[in-house]
Amino acid sequence: MYRYRNESVSMEEYLQIRENSDSLLEYIDGFIYMSPSPSTKHQRISSRLQIKFGNFLEGESCDVFSAPYDIELKDDKIEGTRIVIPDISIICDKSGFTDARYVGIPSLVVEILSPSNQSHDLITKLNLYMNYGVKEYWIVNPMLNTITVYALNDEKMYEQHDIKTDIGEISSKFLNGFRVDLNYIFSSS
């Protein structure tokens, strides 16, 4: 993840650039960020997690979306426009759906790190999602075969709910009873 340009742009400029680009572009605090193309391992992890979330949520009122799908984070108490493209998002409040994107706050977001986007996902997005009130944030590190799950506490701050590396089952606090085996997620076959 790197800045598309070093100068601040308006939302209108962002939308114009976005319309003329095939790249995945996010808009945060006036700056455009471009995501690298995902690796094979990244795509495999994303697909497997999406399947597990989708199966768990079968018959429930939440939807699972994978990138590229725009999320315009919206909270009346926070000024500015921020459009992100999470690797996976679980949305339970259906009121924010438009034809082009979701406007509101997802319940759960998963970001899969790549060597070039680690600080963006570990710092910028963690704070962004926490400030907007995303109930749970999963950070998947394919380089270390690690998944860290952060959940909002009573003070609306993220605290680590679970962390696993290589083996074992990772659990969700928000999706009560959801567990997934790291061998399945990180296996190369």
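Provided above is the structure to which this section pertains.
All of the points below concern the structure found in this document.

Each value, and the rule that gives it
- Residues numbered from 1 in each chain as written.
- Predicted model: local features only at pLDDT ≥ 70, side-chain atom pairs only at ≥ 80, totals over all residues.
- Heavy atoms only, no water.
- Helix = DSSP H or I, 4+ residues; strand = E, 2+ residues; numbered from the N terminus.
- Rg over C-alpha atoms; globule rule 2.2 N^0.38 Å.
- Contact = heavy atoms within 4.5 Å.
- Areas by Shrake-Rupley, 256 points an atom, 1.4 Å probe, with all protein chains shown as cover.
- Lys, Arg positive; Asp, Glu negative; His and termini not counted.
- Charge placed at Lys NZ, Arg CZ, Asp CG, Glu CD.
- Salt bridge = Lys/Arg side-chain N within 4 Å of Asp/Glu carboxyl O.
- Buried < 20%, exposed > 50% of the residue type's maximum accessible area, 1.4 Å probe, protein only.
- Core = buried A, V, L, I, M, F, W, Y, C linked by side-chain atoms within 4.5 Å.
- Pairing = 2+ DSSP bridges.
- Axes fitted to C-alpha atoms, helices over the stretch in contact; angles between N-to-C directions.
- Polar contact = N/O pair within 3.5 Å; in protein donor to acceptor, adjacent residues only side chain to side chain.

**Observations regarding the overall build of the protein**
Helix and strand content of the protein: 4 helices and 14 strands. Relative to the compact-globule value of 16 Å for 189 residues, the protein shows a C-alpha radius of gyration of 16 Å, a close match. The C-alpha extent of the protein, read off along each of the three principal axes, is 45 × 35 × 30 Å. Long-range pairs, those at least 24 residues apart, make up 55% of the contacts in the protein between residues at least 6 apart in sequence. Summed over all atoms, the accessible surface of the protein reaches about 9600 Å², with 45% contributed by carbon and sulfur. Within the protein, the 28 negative side-chain charges are centred at a point lying 4 Å from the centre of the 18 positive side-chain charges.

**Notes on the pattern of salt bridges**
Within the structure shown, the criterion is met by 9 salt bridges. The salt bridge involving aspartate 75 is made with lysine 77; its shortest N-O contact spans 3.7 Å. Judged by its relative accessible area of 76%, lysine 77 falls in the exposed class. Connected via shared salt-bridge partners are Glu26, Glu111 and Lys125.

**Some details on the environment of phenylalanine 53**
Within the fold, phenylalanine 53 resides in helix 2 (residues 40-56). Contacts of phenylalanine 53, omitting those with residues within four sequence positions, involve Val64, Ile88, Ile90, Leu108, Val110, Trp138, Leu175 and Phe178.

**With respect to the nonpolar core**
By size, the foremost hydrophobic cluster in this structure holds 22 residues, and its most contacted members are Leu49, Phe53, Ile90, Val110, Trp138, Val140 and Ile147. Of all the secondary-structure elements, those providing two or more residues to this core are helix 2, strand 7 (88-91), strand 9 (108-112), strand 10 (136-141), strand 11 (146-152) and helix 4 (182-186). With near-sequence residues (within four places) excluded, isoleucine 147 lies in contact with Trp138, Ile139, Val140, Asp162, Ile163, Lys164, Ile170, Leu182, Ile185 and Phe186. In terms of nonpolar packing, the next biggest core, distinct from the first, is built from 21 residues, Ile71, Leu73, Leu152 and Tyr158 among them.

**Considering the sheet that holds strand 10**
Sheet architecture is open: 6 strands sit in the order 4-7-9-10-11-12, paired in mixed fashion. Because the sheet does not close on itself, it has two edges, and the strands there are strand 4 (63-66) and strand 12 (158-165). Taken over all neighbouring pairs, the strand axes of this sheet differ in orientation by 15° on average, direction set aside. In this structure, strand 9 lies alongside strand 10, joined through 5 bridges in parallel fashion. Pairing of glutamate 111 across the sheet is with isoleucine 139, part of strand 10. Sheet strands touched by helix 2: strand 4, strand 7, strand 9 and strand 10. Its angle to strand 9, the strand with the most contacts, is close to 160°.

**A word on the side chain of glutamate 26**
Take glutamate 26: it is sitting in strand 2 (residues 25-28). Within the structure, the side chain of glutamate 26 is placed 2.7 Å from the side chain of lysine 125, a separation counted as a polar contact.

**Section: the pairing of strand 3 (residues 31-34)**
Judged by which residues are buried, strand 3 turns out to be covered on both faces: Phe31 and Tyr33 on one side and Ile32 and Met34 on the other are all buried. Examined bridge by bridge, strand 2 and strand 3 share 4 bridges and lie antiparallel to one another. Bridging across to strand 3, tyrosine 27 finds its partner in isoleucine 32. The antiparallel pairing of strand 2 with strand 3 creates a hairpin that spans 2 residues between the two strands, and aspartate 29 there sits at a positive phi of about 55°.

**A look at the environment of leucine 182**
Among the structural elements, leucine 182 can be located in helix 4. Overall, the relative accessible area of 0% leaves leucine 182 in the buried class. C-alpha of leucine 182 to C-alpha of threonine 146: the two residues are 36 residues apart in sequence and 8.2 Å apart in space. Leave out the neighbours within four places in its chain, and leucine 182 touches Asn145, Ile147, Lys164, Thr165, Asp166, Ile167, Gly168, Ile170 and Ser187.

Honestly, that's just the spatial picture; any functional story needs more than this.
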